[in-house]
Amino acid sequence: MKPAQSIDTNREMPDRLDGAPAPVERVRVLDRAIGARISVLRRARRLSQSRCAEVLGVSFQQMRKYEQGINRISAGAVVRLAELFEVPVEEILYGGPRLQASRAPQMPQPPTVSAVVAMRDSLRDIPDPAARRALMCLISALATDRCAADRPAADRQSRRPARR
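Notes on the structure in this doc start here. Bear in mind that the values here come from a model prediction, so they are computed numbers and not experimental data. (Residues numbered from 1 in each chain as written. Predicted model: local features only at pLDDT ≥ 70, side-chain atom pairs only at ≥ 80, totals over all residues. Heavy atoms only, no water.)

Topic: the environment of valine 55
Along the chain, valine 55 falls in helix α2 (residues 49–56). Residue valine 55 is classed as partly exposed on the basis of its relative accessible area of 27%. Separated by 22 residues in sequence, valine 55 and alanine 77 have C-alpha atoms that sit 8.9 Å apart. In this structure, valine 55 is in contact with Arg80 and Leu84, ignoring residues within four places of it in sequence. (Helix = DSSP H or I, 4+ residues; strand = E, 2+ residues; numbered from the N terminus. Buried < 20%, exposed > 50% of the residue type's maximum accessible area, 1.4 Å probe, protein only. Contact = heavy atoms within 4.5 Å.)

Okay, structure coming up:
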């Protein structure tokens, strides 16, 4: 009987002739995406890599590798992290709940907490105040069909806390 051949999942596979990414590269992209969602959820809950690693029973270095998509995380570990983060497993795997097309809601779903936190951090990192205002106006216009900057000044003032 021949010994079973081991499959090297880390080796690079050539791109296919049809231009689609090689199977191994698709898996790596998925691992990185899951890791990035874990990182965002962990940070949103102000948890350390060490605390998450402790819950999983791994080293903080292993946790870092999960977040970077270097090492693949097991299904059991994803379930334990979902419990720790108090989110459905789908939030980690897909970025939110996945619904069958026949049961899909007609109204758009609100953004996830992790998406809102990431957006807030991104806006805070924009150095130009005018650019930041323009983006906020765009978001407001998309959400309400009207830019907040176009409201009368008295209306805008009433929504702001008083400055001291």
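After that view, the rundown keeps rolling.
Details of the nonpolar core
Core analysis: the largest hydrophobic core is formed by 16 residues, its most contacted members being Ile38, Leu56, Met63, Ile73, Leu81, Phe85 and Ile92. Elements with a contribution of two residues or more to this core: α1 (23–44), α2, α3 (60–68) and α4 (75–85). With five residues, the single largest contributor to this core is α4. Non-local contacts of methionine 63, meaning those with residues more than four positions away in its chain, are made with Ile38, Gln49, Cys52, Ala53, Leu56, Val58 and Leu81. (Core = buried A, V, L, I, M, F, W, Y, C linked by side-chain atoms within 4.5 Å.)

Comments concerning empty space enclosed by the protein
Summed over all chains, the structure comprises one cavity of 30 Å³ or more. A volume near 40 Å³ is recorded for the largest cavity. Forming the walls of the largest cavity are Asp31, Ile34, Gly35, Tyr66, Gly69, Asn71, Arg72 and Ile73. Here the lining of the largest cavity gets three residues from one element, more than from any other, and that element is α1. A breakdown of the residues in the lining of the largest cavity according to their chemical character gives three nonpolar, three polar and two charged. (1 Å grid on protein atoms, 1.4 Å probe; cavity = no way out; pocket = protein on both sides within 12 Å on 5 of 7 lines; lining within 4 Å. Points joined across faces, edges and corners; volume = space filled by probe spheres on them. Nonpolar A, V, L, I, M, F, W, Y, C, P; charged D, E, K, R; others polar.)

Concerning the packing of α2 against α3
Interaxial distance between α2 and α3 falls to 8 Å at its minimum, and their mutual angle equals 100°. In this view, α2 runs roughly perpendicular relative to α3, as classed from their interaxial angle. Taken together, the residues of α3 that come into contact with α2 (itself represented by Gln49, Ser50, Cys52, Ala53 and Leu56) are Phe60, Met63, Arg64, Tyr66 and Glu67. Classifying every residue of the contact of α2 with α3 by side-chain character gives six nonpolar, two polar and two charged. (Axes fitted to C-alpha atoms, helices over the stretch in contact; angles between N-to-C directions. Parallel < 35°, antiparallel > 145°, perpendicular 65-115°, else oblique.)

Some words on the pattern of salt bridges
Tallying each qualifying case throughout the model produces five salt bridges. Salt-bridge contacts for arginine 42 lead to glutamate 67; the nearest nitrogen and oxygen are separated by 2.5 Å. Of this pair, arginine 42 sits in helix α1 while glutamate 67 sits in helix α3; the two residues are 25 residues apart in sequence, bridging distant segments of the chain. For glutamate 67, a relative accessible area of 9% translates into the label buried. Salt-bridge contacts for glutamate 54 lead to arginine 51; the nearest nitrogen and oxygen are separated by 3.4 Å. Taken as a pair, glutamate 54 and arginine 51 lie in helix α2 at a separation of three residues, close to a single helical turn. (Salt bridge = Lys/Arg side-chain N within 4 Å of Asp/Glu carboxyl O.)

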